[in-house]
Amino acid sequence: RQGEIEDAERIIRQSYEYYKERFRTRHSLQAKAGVSLAKSLVDLGRLEEAEKIMTESAFIYEETCGADSPLTCSGYAELGKICLSRKKYHEARAALLRAYGIASRKDVLDLLELMTIHSDLTNAIMSDKNVTAETAGMLKLFYDCVPTVEAAVEIVERRLPQDGNAAAYYKSVAELYCVAG
């Protein structure tokens, strides 16, 4: 429903409620409708409600599709973006770090997706004024990301062509390592 976000939100909400009622237990179709609903709510500026629905959808994906599912990854990545928009940096970091690990283990590794999550995670750390005011706190947050990032780098080295795209990823990783110590 191009340009008619309110109408789209109403229709998507009907779908979401239908699946919620139809299955009476958590189902991946409810989560899929929930992700669409949350995205429309973000477009409408209703971030609090979007966060609630995206949190539920990520959990449902994890429960019904598995902890390493690409759907679980996208749910956590979207949740991280919403939390980042709401300046809920701790929650954003947790969701994005979770998505980062899943994204790096996908059967079909998407380097652009990995780089986007990496960038969002870095923003979640750098944007937190409570942490950046205390250098040691910021360094710890970067350092806490290192095991997940190192595992991802090993996978990128093994599975993807070592071209300009991989080089751009390694550059962003190197910057994280510089800050993490």
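Heads up: the structure comes first, above all this text.
Presented here is a report on the structure given in the accompanying data block. What you see is a predicted model; the values in this text were computed from it and never measured.

Parameters at a glance
Residues numbered from 1 in each chain as written. Predicted model: local features only at pLDDT ≥ 70, side-chain atom pairs only at ≥ 80, totals over all residues. Heavy atoms only, no water. Core = buried A, V, L, I, M, F, W, Y, C linked by side-chain atoms within 4.5 Å. Buried < 20%, exposed > 50% of the residue type's maximum accessible area, 1.4 Å probe, protein only. Helix = DSSP H or I, 4+ residues; strand = E, 2+ residues; numbered from the N terminus. Contact = heavy atoms within 4.5 Å. Expected span 1.5 Å × (residues − 1). Arc of directions from axis to C-beta. Polar contact = N/O pair within 3.5 Å; in protein donor to acceptor, adjacent residues only side chain to side chain. Phe/Tyr/Trp six-rings, centres within 6.5 Å; stacked < 30°, edge-to-face > 60°.

## Here's the deal with the nonpolar core
Ranked by internal contacts, the top residues of the largest apolar core, which has 51 residues, are Y76, Y100, L114, I117, V149, V156 and Y169. Elements with a contribution of two residues or more to this core: α2 (28–43), α3 (47–65), α4 (70–85), α5 (89–104), α6 (111–126), α8 (135–159) and α9 (164–180). With 10 residues, the single largest contributor to this core is α8. Dropping the residues within four chain positions of it, I117 is found in contact with C73, A77, L96, A99, Y100 and A103.

## Side note on α9
With 17 residues, α9 should reach 24 Å at 1.5 Å per residue; the first-to-last C-alpha distance of 24 Å fits that figure. All buried positions along α9 are accounted for by A166, Y169, S172, V173, L176 and A180. Seen end-on, α9 carries its buried residues on one side only, within an arc spanning 125°. Exposed positions of α9 whose direction lies more than 90 degrees from the buried face are G164, K171 and C178. The N-cap of α9, judged by a side-chain oxygen 3.1 Å from the amide nitrogen of N165 a few residues on, is D163.

## A short note on helix α1 (residues 5–23)
In this model α1 runs 27 Å from its N-terminal to its C-terminal C-alpha over 19 residues, within 8% of the 27 Å that 1.5 Å per residue would give. The secondary structure elements touched by the buried residues of α1 are α2 and α3. Downstream of α1 by a residue or two, R24 has a phi angle that is positive, lying close to 60°.

## Some points on the packing of aromatic side chains
Taken as a whole, this structure holds three aromatic pairs when the rule is applied. For the pair Y169 and Y170, a centre-to-centre distance of 6.1 Å together with 55° between the ring planes defines the contact as tilted. A relative accessible area of 23% means that Y170 is categorised as partly exposed. Ring-pair connections join several aromatic residues into one group, and the members of that group are Y18, Y19 and F23.

## A closer look at the side chain of E9
Residue position: E9 is located in helix α1. With sequence-adjacent residues up to four places away left out, E9 is seen in contact with L37, S40, L41, L44 and R46.

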